[in-house]
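# Understanding the architecture of this molecule
One letter stands for each residue in the lines below.
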Amino acid sequence: MTGSTPQELLAIAIDVAREAADTAYRMRAAGVEVAATKSTITDVVTAADRAVERQVLDTLATIRPDDSVLGEEYGEGAPGATGSGVRWIVDPIDGTVNYLYGLAHSAVSLAAEVDGVVVAGVVRNLFTGEEWTATLGGGAWRAGQRLRCSTETDLGQALVATGFGYDAARRSHQARVVAGLISHVRDIRRLGAAALDLCLAAEGRVDAYFEKGLAAWDQAAGGLVASEAGLRVAGLRGLPAGPDLVIAAPEALFGPLHDRLDDLDAAGGP
């Protein structure tokens, strides 16, 4: 088995994610259908979600048999016989509804944790081939360029991305939060794939991002890319980023955005 340095794990993640993205793209070109629903009728799973994740699991089991894997579709797999301390976190198709509709904002996200700390991650847009990578302490990169987040310091001039959950009651609460925020920022963007949104924030294509309800696979790789590009990635009131809320913003914007979201009870609701 290969080693477990962040750089070695990233090299594996890149190869696996590229193959997975190719499979997802081919399946989309061949036509996809909804295979099931999860939390609500609008929270869909396609056959490609399951096929791509199974491909990732099988590949990692072959080359890293002692590692464990957490995936969106198949959950937590047990580690191998010896247990390496490495856990892979995979979202086979982030932005499944975009994928279903052929909207080019959908990605494979794959991260590697060592002893509970994410040390390497890759997010690959399966339509465009754009690829973002990061290692802990090694920076965030796309197309050979090191990424730096936005230098915007005025929340009123910030373009802020967000996302909504699938449950209707949650979306209603999130809509109220956006309604209370939109007059305090330049504008809001809702693109539909959390991992990609975090990567766009990492290179300043949006100034900041927030969302309630993200799972580990939604934010593991993209969150590392964002933090390595200089964004502060956290929750409300000193909590770490997690299901209650993820905020990713430059230091100058984090405080004002945090306080506004706190006032709006962005972590509340269903």
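Throughout what follows, the structure given in this document is the object of discussion.

Right, let's get into the overall build of the protein chain. Across its full length, the protein chain carries 7 helices and 15 strands. Taking 18 Å as the expected radius of gyration for a compact globule of 270 residues, we find that the protein chain reaches 18 Å, a close match to that expectation. Each principal axis of the C-alpha distribution contributes one length, and for the protein chain these read about 50 × 40 × 30 Å. Burial analysis of the protein chain (270 residues in total) assigns 51% to the buried set. In the protein chain, the proportion of contacts linking residues at least 24 apart, taken out of those at least 6 apart, comes to 60%. In the structure as shown, the protein chain presents an accessible area of about 11,200 Å², 51% of it carried by carbon and sulfur atoms. Of the charged side chains in the protein chain, 23 are positive and 36 negative; the average position of the first set lies 4 Å away from that of the second.

Let us now look at the nonpolar core. Val123, Trp132, Leu147, Tyr209 and Val225 are the most contacted members of the largest nonpolar core, which has 36 residues in total. Counting residues per element, the ones that place at least two in this core are strand 6 (107-114), strand 7 (117-125), strand 8 (131-135), strand 11 (159-162), helix 5 (194-202), helix 6 (216-228) and strand 15 (246-249). Per-element tally for this core: the top contributor is helix 5, with 8 residues.

Parameters at a glance
- Counting restarts for each chain, with residues numbered from 1 along the sequence as it is written.
- With the structure being a predicted model, the display of local features is reserved for residues of pLDDT at least 70 and the display and counting of side-chain atom pairs for 80 or more, all residues being used for whole-chain, interface and lining totals.
- The basis for every side-chain value is the complete set of non-hydrogen atoms in the structure, without hydrogens or water.
- Comment: elements are numbered from the N terminus, with helices defined as DSSP H or I runs of at least four residues and strands as E runs of at least two.
- Using C-alpha atoms as the atom set, the radius of gyration is obtained and then compared with a globule rule of 2.2 Å times the number of residues to the power 0.38.
- Summary of the burial criterion: residues with accessible area below 20% of their type's maximum are buried, those above 50% are exposed, and those between are partly exposed, where the area comes from a 1.4 Å probe applied to protein chains only.
- It only takes one pair of heavy atoms within 4.5 Å for two residues to be counted as in contact.
- All accessible areas in this document rest on Shrake-Rupley with a 1.4 Å probe, and a residue is counted as covered only by the protein chains that are shown.
- Residues counted as positive are Lys and Arg, residues counted as negative are Asp and Glu, and His and the chain ends are not counted.
- For charged residues, the charge sits on one atom: NZ in Lys, CZ in Arg, CG in Asp, CD in Glu.
- What is meant by a nonpolar core is a set of buried Ala, Val, Leu, Ile, Met, Phe, Trp, Tyr and Cys residues, joined one to another through side-chain atoms within 4.5 Å.

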